[in-house]
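# Coordinate inspection notes
Chain by chain, the residues:
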Amino acid sequence: VLRCLGIPTRVITNFNSAHDSNINLSIDKYIDMSGKTLHLTEDSVWNFHVWNESWFTRRDLGSFYDGWQVLDATPQEKSKGIYQCGPASIRAIKEGDVNLDYDSPFVFAAVNADCVTWIRYSKKRKERIYSNTRKIGKCISTKAVGTNSRVDVTANYKYPEVKEFSFGIPYSQYKNSLRDDRKILVTAV
């Protein structure tokens, strides 16, 4: 529809797309002391998710945010009481400006959330035992104009990843949670 109106629009595919249901900018996994997964959050990581980008100026946000904007026609969460997502500025997403309107925090998390595993000792006490800052937002892509080639637009959404840190815990506490995570770094203490 936007192309029919003369607005430049393209389809974007995000691989390892985070679905941050509570907008805390992380995908949280909770386990108990025996390593059993606790289902305390609806956060998830999808193999991929697709949305549209359209190019327009942002008089409401300022010229810094002009350019490509995320519009998701298939949102899974309500925004301001209705199922909608966007238009979220790609520039805001890359710069981490998650305090802007139009679902910037949700889109930021989709491409750049941290995956965090917690041991939950009680309702009031939990401990972060693992954090992966590189898993989310891989090969963010669109189709090239005039060919069937893929164009990688990941750099439009996020800066290059930095060194990954791991959190060491006794291996005996964590071994059972490894069933759900195939690529995980564990440092035995």
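Below you will find a few notes about this structure. (Residues numbered from 1 in each chain as written. Predicted model: local features only at pLDDT ≥ 70, side-chain atom pairs only at ≥ 80, totals over all residues. Heavy atoms only, no water.)

### A word on a nonpolar patch on the surface
For clarity, the threshold we go by: Each patch is built from residues lacking any salt bridge and having more than 30% relative accessible area; the joining distance is 9 Å for like charges and 5 Å for nonpolar side chains (Val, Leu, Ile, Met, Phe, Trp, Tyr). Values of accessible area rely on a 1.4 Å probe in the Shrake-Rupley scheme; residue burial ignores everything except the protein chains shown. Definition used for salt bridges: Asp or Glu carboxyl oxygen within 4 Å of a side-chain nitrogen of Lys or Arg. Going along the chain from the N terminus, every DSSP run of H or I of four or more residues is numbered as a helix, and every run of E of two or more is numbered as a strand. Only protein chains enter the area calculation, which uses a 1.4 Å probe; residues under 20% of their type maximum are buried, those over 50% are exposed, and those in between are partly exposed.
A contiguous nonpolar patch, built from Val-11, Phe-15, Phe-48 and Val-50 and spanning about 330 Å² of accessible area, is present on the exposed surface. Every element with two or more residues in the nonpolar patch is listed here: strand S1 (9-19) and strand S4 (44-56). Of note, Phe-15 is situated in strand S1. Owing to a relative accessible area of 34%, Phe-15 belongs among the partly exposed residues under this scheme.

### Digging into the pattern of salt bridges
Applying the stated criterion across every chain yields a total of 3 salt bridges. Residues Glu-53 and Arg-10 are paired through a salt bridge, measuring 2.7 Å at the closest nitrogen-oxygen approach. Within this pair, whereas Glu-53 is found in strand S4, its partner Arg-10 is found in strand S1, the two being separated by 43 residues in sequence. Both residues of the pair, Glu-53 and Arg-10, count as buried.

### Side note on the environment of Asn-52
The condition that has to hold: It only takes one pair of heavy atoms within 4.5 Å for two residues to be counted as in contact.
Within the secondary structure, Asn-52 is located in strand S4. Given a relative accessible area of 28%, Asn-52 falls into the partly exposed group. What Asn-52 contacts, discounting residues up to four positions off in sequence, is Thr-9, Arg-10, Val-11, Gln-69, Val-70 and Leu-71.

### Regarding the packing of aromatic side chains
Applicable threshold: In this scheme Phe, Tyr and Trp rings, the latter by its six-membered ring, pair at centre separations within 6.5 Å, and the angle between planes marks the pair as stacked below 30 degrees, edge-to-face above 60, and tilted otherwise. We count a charge as sitting over a ring when the NZ of a lysine or the CZ of an arginine lies within 6 Å of the ring centre and within 35 degrees of the ring normal.
Summed over the entire model, instances satisfying the criterion amount to 5 aromatic pairs. Relative to Tyr-65, the ring of Phe-64 lies with its centre 5.1 Å away and its plane at 90°, an arrangement referred to as edge-to-face. Overall, Tyr-65 belongs to the buried group, its relative accessible area being 12%. Here Arg-10 stacks its cationic end above the ring of Trp-68, 4.0 Å away from the centre of that ring.

### A few points about helix H2 (residues 104-112)
The buried fraction of H2 amounts to 8 of the 9 residues, a majority that puts the element mostly inside the structure. Listing the buried residues of H2 in full gives Ser-104, Pro-105, Phe-106, Val-107, Phe-108, Ala-109, Ala-110 and Val-111.

### Details of the sheet that holds S1
This is how it is decided: Only strands joined by at least two bridges in the DSSP assignment are considered to pair. Throughout, an axis means a line fitted to C-alpha atoms (over the contacting stretch in the case of helices), and angles, computed between N-to-C directions, take values from 0 to 180 degrees.
The antiparallel open sheet is built from 6 strands, whose spatial order is S8-S5-S4-S1-S11-S12. Edge strands, defined here as strands with exactly one partner in the open sheet, are strand S8 (88-89) and strand S12 (150-152). Sheet analysis places S4 next to strand S5 (residues 67-71), joined by 5 bridges and oriented antiparallel. Looking at the pairing, Glu-53 lines up with Val-70 of S5. Sitting on the sheet, H2 is in contact with S1, S4, S5, S8 and strand S11 (138-143), with an inclination near 70° to S1.

### So, the pairing of strand S10 (residues 126-132)
As judged from the 6 bridges shared by strand S9 (residues 114-120) and S10, these two strands associate in the antiparallel manner. In the sheet register, Trp-118 faces S10, and the bridge partner there is Arg-128. Turn length for the S9-S10 hairpin, with the two strands adjacent in sequence and antiparallel, is 5 residues.

### Topic: the pairing of S5
Relative to S8, S5 runs antiparallel, the two being bridged by 2 bridges. Bridge assignment links Gln-69 to a residue of S8, and that residue is Ser-89.

### A closer look at the nonpolar core
To keep it simple, the criterion reads: We call a set of buried Ala, Val, Leu, Ile, Met, Phe, Trp, Tyr and Cys residues a nonpolar core when their side-chain atoms join them within 4.5 Å.
Residues Trp-51, Val-70, Ile-93 and Tyr-157 are the most contacted members of the largest nonpolar core, which totals 15 residues. Tallying contributions element by element places H2 first for this core, with 5 residues. If we skip the residues at most four places from it in the chain, Ile-93 touches Ala-88, Ser-104, Val-107, Phe-108, Val-111 and Tyr-157. If you look at the next biggest cluster of nonpolar residues, it comprises 6 residues, including Ala-18, Ile-27, Ala-109 and Cys-115.

None of this, on its own, says anything about what the molecule does.
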